[in-house]
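Take a look at the letters that make up each chain.
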Amino acid sequence: MEFEKLAQTFKKLEAVSEKTAKVDILARFIKEIDKESLKETFMLIQGMIFYPWEDKEIGIGEKLTIKALSIATGYDRNYVENLFVKTGDLGLVAEKLVSERKQKTIFVKKLTIKDVYNTFRLIGELEGEGAQDKKVRYLANLFVSSSPVEARYIARLALEDLKIGVGEGIIIEAIASVF
């Protein structure tokens, strides 16, 4: 399944505050999920890459996300930082910069949910010398292939803060209403 569909669902979830509306939006989306990306989709809906018992984190903070955005969009790092200071949301900054990219790329493929999940998992497992540079490159590659709305949620996933207001309770209710 394309990550774009999940990103659009995140956008709808972020736009509403009522619990029943969130359950309805999520339930409609759950009906569309293909079996091959079921696990990854539910992990991403929770804003998680690693299971709690794995005791791991993605390990990308604001500075590395800003660096990856700068590489992927062609904007100066200071410009990206200033936008972040103004908005307070790196997801919105990513969305804006990707929509106004300075550099166009030739080899862009549609991101799938599995692509995004597996890339974040790989980023979180990188350790040792040069790991930070590799993390930035992998994240920049996600931004290069992303649409503006996908970039918003890729940045927020990197920072482990989706801002969509969905917890386990809403997910359970949505699943229950579907089945």
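**Student:** Looking at this model, I keep getting lost on the overall build of the protein. Mind explaining?
**Tutor:** When its secondary structure is counted, the protein shows 10 helices and zero strands. Along the protein, helices and strands appear, N-terminal first, in the series α-α-α-α-α-α-α-α-α-α. Whereas a compact globule of 179 residues would reach a radius of gyration of roughly 16 Å, the protein reaches 16 Å, a difference of no more than 12%. Taken along the three principal axes of its C-alpha coordinates, the protein extends 45 × 35 × 30 Å. Burial statistics for the protein: of 179 residues in total, 49% are counted as buried.

**Student:** Looking at this structure, I do not really get unusual backbone geometry. What am I missing?
**Tutor:** The bulk of non-glycine residues show a negative phi, and the bulk of peptide bonds are trans. In this structure, D55 is a non-glycine residue whose phi angle is positive, near 50 degrees. Considering the arrangement of structural elements, one finds D55 in the loop between α3 (38-45) and α4 (62-73). The backbone of E160 sits at a positive phi, close to 60 degrees, despite the residue not being glycine.

**Student:** Help me understand the side chain of E150, please; the structure alone is not making it clear to me.
**Tutor:** Looking at the secondary structure, you find E150 in helix α9 (residues 148-158). Put simply, E150 is tucked away with no salt bridge, and the nearest opposite charge, on K110, sits 5.4 Å away. Not counting the four nearest positions on each side in its chain, E150 is found in contact with F3, E4, A7, L111 and S145.

**Student:** Before we go on, may I ask you to explain the pattern of salt bridges in this structure?
**Tutor:** Any two side chains of opposite charge can pair, on the condition that their charged atoms come close. Under the defined criterion, the tally for this structure stands at 13 salt bridges. For E173, the salt bridge goes to K19, with nearest N and O atoms at 2.6 Å. One end of the pair, E173, is in helix α10 (residues 168-178); the other, K19, is in helix α2 (residues 19-30), with 154 residues separating them in the sequence. On the basis of relative accessible area, E173 is assigned to the partly exposed category, the value being 37%.

**Student:** Explain the nonpolar core to me, please; I cannot follow it from the model alone.
**Tutor:** Where a protein is soluble and globular, its nonpolar side chains tend to be buried together. In this structure, F3, L26, L44, I45, F120, L139 and F143 are the most contacted members of the largest nonpolar core, which totals 60 residues. With seven residues, the top contributor of residues to this core is α9. In contact with I45, not counting residues within four places along its chain, are L6, F10, L26, F29, L162, I164, V166 and I171.

**Student:** What is the right way to look at the packing of α4 against helix α5 (residues 77-87) in this model?
**Tutor:** To characterise two packed helices, one gives the angle between the axes of the helices and the distance between these axes. Across the interface, α4 lies against α5 with an axial gap of 9 Å and an inter-helix angle of 125 degrees. In terms of orientation, α4 and α5 fall into the oblique class. Seen from above, α4 lies across α5 with right-handed handedness. Here E62, K63, I66, K67, L69 and S70 of α4 come into contact with α5, specifically with R77, V80, E81 and F84. Of the residues assigned to the contact of α4 with α5, the class counts are four nonpolar, one polar and five charged.

**Student:** Can you help me understand the environment of Q46 in this one?
**Tutor:** Mapped onto the elements, Q46 comes out in the loop between α3 and α4. For Q46, a relative accessible area of 32% gives the class partly exposed. Along the backbone, Q46 and K63 are 17 residues apart, and their C-alpha atoms lie at a distance of 23 Å. What Q46 contacts, discounting residues up to four positions off in sequence, is E168 and I171. Separated by 3.2 Å, the side chain of Q46 and the backbone oxygen of F42 make a polar contact.

**Student:** Explain the packing of aromatic side chains to me, please; I cannot follow it from the model alone.
**Tutor:** For any pair of aromatic rings, geometry is given as the distance between the ring centres together with the angle between the planes. Per the counting criterion, the structure on display carries three aromatic pairs. Ring geometry for Y51 against W53: centres 4.6 Å apart, planes inclined by 5 degrees, an arrangement best described as stacked.

**Student:** Is there a simple way to think about the environment of E32 in this case?
**Tutor:** Position of E32 among the secondary structure elements: in the loop between α2 and α3. Distance from E32 to I113, taken between C-alpha atoms, is 13 Å for residues 81 residues apart in sequence. The residues touching E32, leaving out its near neighbours within four places in the chain, are M1 and K5.

About the thresholds
Residues numbered from 1 in each chain as written. Predicted model: local features only at pLDDT ≥ 70, side-chain atom pairs only at ≥ 80, totals over all residues. Heavy atoms only, no water. Helix = DSSP H or I, 4+ residues; strand = E, 2+ residues; numbered from the N terminus. Rg over C-alpha atoms; globule rule 2.2 N^0.38 Å. Buried < 20%, exposed > 50% of the residue type's maximum accessible area, 1.4 Å probe, protein only. Lys, Arg positive; Asp, Glu negative; His and termini not counted. Salt bridge = Lys/Arg side-chain N within 4 Å of Asp/Glu carboxyl O. Contact = heavy atoms within 4.5 Å. Core = buried A, V, L, I, M, F, W, Y, C linked by side-chain atoms within 4.5 Å. Axes fitted to C-alpha atoms, helices over the stretch in contact; angles between N-to-C directions. Parallel < 35°, antiparallel > 145°, perpendicular 65-115°, else oblique. Left-handed = near helix turned anticlockwise from the far one by under 90°. Nonpolar A, V, L, I, M, F, W, Y, C, P; charged D, E, K, R; others polar. Polar contact = N/O pair within 3.5 Å; in protein donor to acceptor, adjacent residues only side chain to side chain. Phe/Tyr/Trp six-rings, centres within 6.5 Å; stacked < 30°, edge-to-face > 60°.

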